[in-house]
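Examining the three-dimensional arrangement
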There are 2 protein chains.
Amino acid sequence: MQIAIVLYDRFTALDAVGPYETLGRLPDSEVVFVAEETGPVRTDSGNLALIADRTLAEVPNPDVVVVPGGPGQTPQMTNEALLDWIRIADTTSTWTTSVCTGSLLLAAAGRLEGRRATSHWLALDELRKFGVEPTGERVVTDGKYVTAAGVSSGIDMGLALLGRISGDFVAQSVQLGIEYDPQPPYDAGAPEKAPADVVELIRSRSRFILGQAPTT
Amino acid sequence: MQIAIVLYDRFTALDAVGPYETLGRLPDSEVVFVAEETGPVRTDSGNLALIADRTLAEVPNPDVVVVPGGPGQTPQMTNEALLDWIRIADTTSTWTTSVCTGSLLLAAAGRLEGRRATSHWLALDELRKFGVEPTGERVVTDGKYVTAAGVSSGIDMGLALLGRISGDFVAQSVQLGIEYDPQPPYDAGAPEKAPADVVELIRSRSRFILGQAPTT
């Protein structure tokens, strides 16, 4: 089983690494990081680069497509090379997935129309522009499309999809291997749980998080 | 504030990216990925490389040191260039931290003797060989040394340390920004919670997880 994780300028690292560190431990699978060109691809902070080992053209038929999000992603929403790859890969994929605002790229590629999906909590309304029904769930499965909420949710998505693909035993083994027994020191990971002033700050910075996404 | 995350051959990606995606969002901070040489450093799976932008020699005095773990880390435990950098950086650091078996490198560098610390649950006993008192906690702070349990725990460690450095508001803002509201589909992330056959499988693969670590 080939799992392709697509990188682009200013993606968010954990969006890609969460699924990599979970789905990528699927027995008899190969994870490949792809981008328009091979070589380093910088994350949103500019302080980290991951290597794309293969071009999009070299990996046209992965079994699992993973599209991360990121604040630099809005320019990608009109990047036809990237969107075409998503469309092509999706025609033969078993699962097409996203983390965070990666779902906006799936939507821009026309893959989510009429479906239920999720995204970073700040980007849920953007999904509606593409005829997608946003949900507040952390991981949403609609047919073969599995979308996850913001950044860190790709870990939960990866484990859930592992369970679907290979059963509970494999998924639990991966969870134990990465010791995913989360104990956040605060309970502020969702807007309905965080203090109001924290929510207000992040909302006011949504342009930072969503890049040049139209503010509505 | 300069945060240095050190990479080495066969490190585990999420060990490094968890702290990067949390601590790295500290206001007025700079995260720098360092290694013996600049350029790509491959992770344990071989399917991903992160770029080290600076050499160890170029970053001698970071404020925060982050040492990830990995199954390829045992050869690093006698890598004097790496251990010397840890010792030098530690003389001036405000915080010296690790994720997963990264604590074995801190211990091998003589930084944890007589202290309480944690590691991947399979590696806790290894800590004793260095005069370290292992604990089963997810994040352990002893003086300026902050060690985290396996792989995914670097996210919890990063948020906890953010709180110590900049207060609850900043830490909660980062948590909300990365939507860290974990909802694992299973409750199998710790050996006392996972099904017995899952624990047995991972224990039997501990050489895979701990690399060439001596089995005791």
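Coordinates for the structure precede this section.
Now for a quick tour of the structure. (Residues numbered from 1 in each chain as written. Chains lettered and ligands numbered in written order. Predicted model: local features only at pLDDT ≥ 70, side-chain atom pairs only at ≥ 80, totals over all residues. Heavy atoms only, no water.)

1. Overview of the sheet that holds strand β5 (residues 54-55) of chain B
Residues and elements named next belong to chain B. Note the threshold: Whether two strands pair depends on DSSP finding at least two bridges between them. Segments assigned H or I by DSSP are reported as helices when at least four residues long, segments assigned E as strands when at least two residues long, and all are numbered from the N terminus.
Taken together, seven strands build an open sheet; the order of strands is β5-β2-β1-β6-β7-β11-β10 and the sheet is mixed. Looking at which strands have only one partner, the edges of the open sheet turn out to be β5 and β10 (139-142). Where β10 and strand β11 (residues 145-148) come together, four bridges link them in antiparallel fashion. Residue pairing in the sheet places V140 in a bridge with T147 of β11.

2. Some thoughts on the packing of helix α7 (residues 196-204) of chain A against helix α6 (residues 168-177) of chain B
The following threshold applies: A fitted line through C-alpha atoms serves as each axis, taken over the contacting stretch for helices, and the angle formed by two N-to-C directions is quoted from 0 to 180°. Reported orientations rely on four angle classes, namely roughly parallel under 35 degrees, roughly antiparallel over 145, roughly perpendicular from 65 to 115, and oblique for the rest. Each crossing is labelled by how the near helix is turned from the far one, with a counterclockwise turn of less than a right angle marking it left-handed and a clockwise turn marking it right-handed. The contact definition used throughout considers only heavy atoms, calling two residues in contact when any of these lie within 4.5 Å. Residues are grouped as follows: Ala, Val, Leu, Ile, Met, Phe, Trp, Tyr, Cys and Pro are nonpolar; Asp, Glu, Lys and Arg are charged; every other residue, Gly included, is polar.
With their axes 9 Å apart at the nearest point, α7(A) and α6(B) run at an angle of 60° to one another. Taken as axis vectors, α7(A) and α6(B) run oblique relative to one another. Once α7(A) is placed against α6(B), the crossing between them reads as right-handed. Of α6(B), the residues touching α7(A) (which contributes A:D197, A:V198, A:V199, A:L201 and A:I202) are B:F169, B:Q172, B:S173, B:L176 and B:G177. Each residue belonging to the contact of α7(A) with α6(B) can be placed in one class, and the counts come to six nonpolar, three polar and one charged.

3. Comments concerning helix α5 (residues 153-166) of chain A
Residue and element names in this part refer to chain A. Put simply, the test is: By this rule, a helix spans an expected 1.5 Å times one less than how many residues it contains. Categorising residues by exposure relies on relative accessible area from a 1.4 Å probe, with only protein chains included: less than 20% of the type maximum marks a residue as buried, more than 50% marks it as exposed, and the intermediate range marks it as partly exposed.
With 14 residues, α5 ought to run about 20 Å at 1.5 Å a step, and its terminal C-alpha atoms sit 20 Å apart, in line with that. Most of α5 is tucked away: 10 of the 14 residues are buried. Restricting attention to buried positions, one finds in α5 the residues S153, G154, I155, D156, M157, G158, L159, L161, L162 and G163. Phi turns positive one or two residues past the end of α5, at G167, with a value near 95°.

4. Points about the relation of the copies chain A and chain B
Defined as follows: Least-squares superposition of the copies uses the C-alpha atoms of those residues scoring a pLDDT of at least 70 in each of them.
Placing chain A over chain B gives an RMSD of 0.0 Å and needs a rotation angle of 180°, together with 0.0 Å of translation along the axis. These values place the two chain copies in the arrangement generated by a two-fold rotation axis. Minimal C-alpha distance to the rotation axis in chain A is attained by A:L50, lying at 2.3 Å. Interface overlap between copies is the fraction of interface residues in one copy that are interface residues in the other; for chain A against chain B it reaches 100%, indicating a shared surface.

5. Structural notes on the nonpolar core
As a reminder, the rule being used: What makes a nonpolar core is a set of buried Ala, Val, Leu, Ile, Met, Phe, Trp, Tyr and Cys residues whose side-chain atoms join them at distances within 4.5 Å.
Residues A:F33, A:L50, A:W85, B:F33, B:L50 and B:W85 are the most contacted members of the largest nonpolar core, which totals 146 residues. Not counting residues up to four positions away in its chain, the partners in contact with A:W85 are A:A4, A:V6, A:V34, A:L56, A:V59, A:P60, A:P62 and A:V65.

6. Concerning the pairing of strand β10 (residues 139-142) of chain A
Residues in a regular strand project their side chains so that they alternate between the two faces of the sheet. The alternating pattern of β10(A) places A:V140 and A:D142 on a buried face, while none of A:V139 and A:T141, on the opposite face, is buried. A loop of two residues connects β10(A) with strand β11 (residues 145-148) of chain A, the two strands running antiparallel in sequence, and A:G143 in this loop sits at a positive phi of about 65°.

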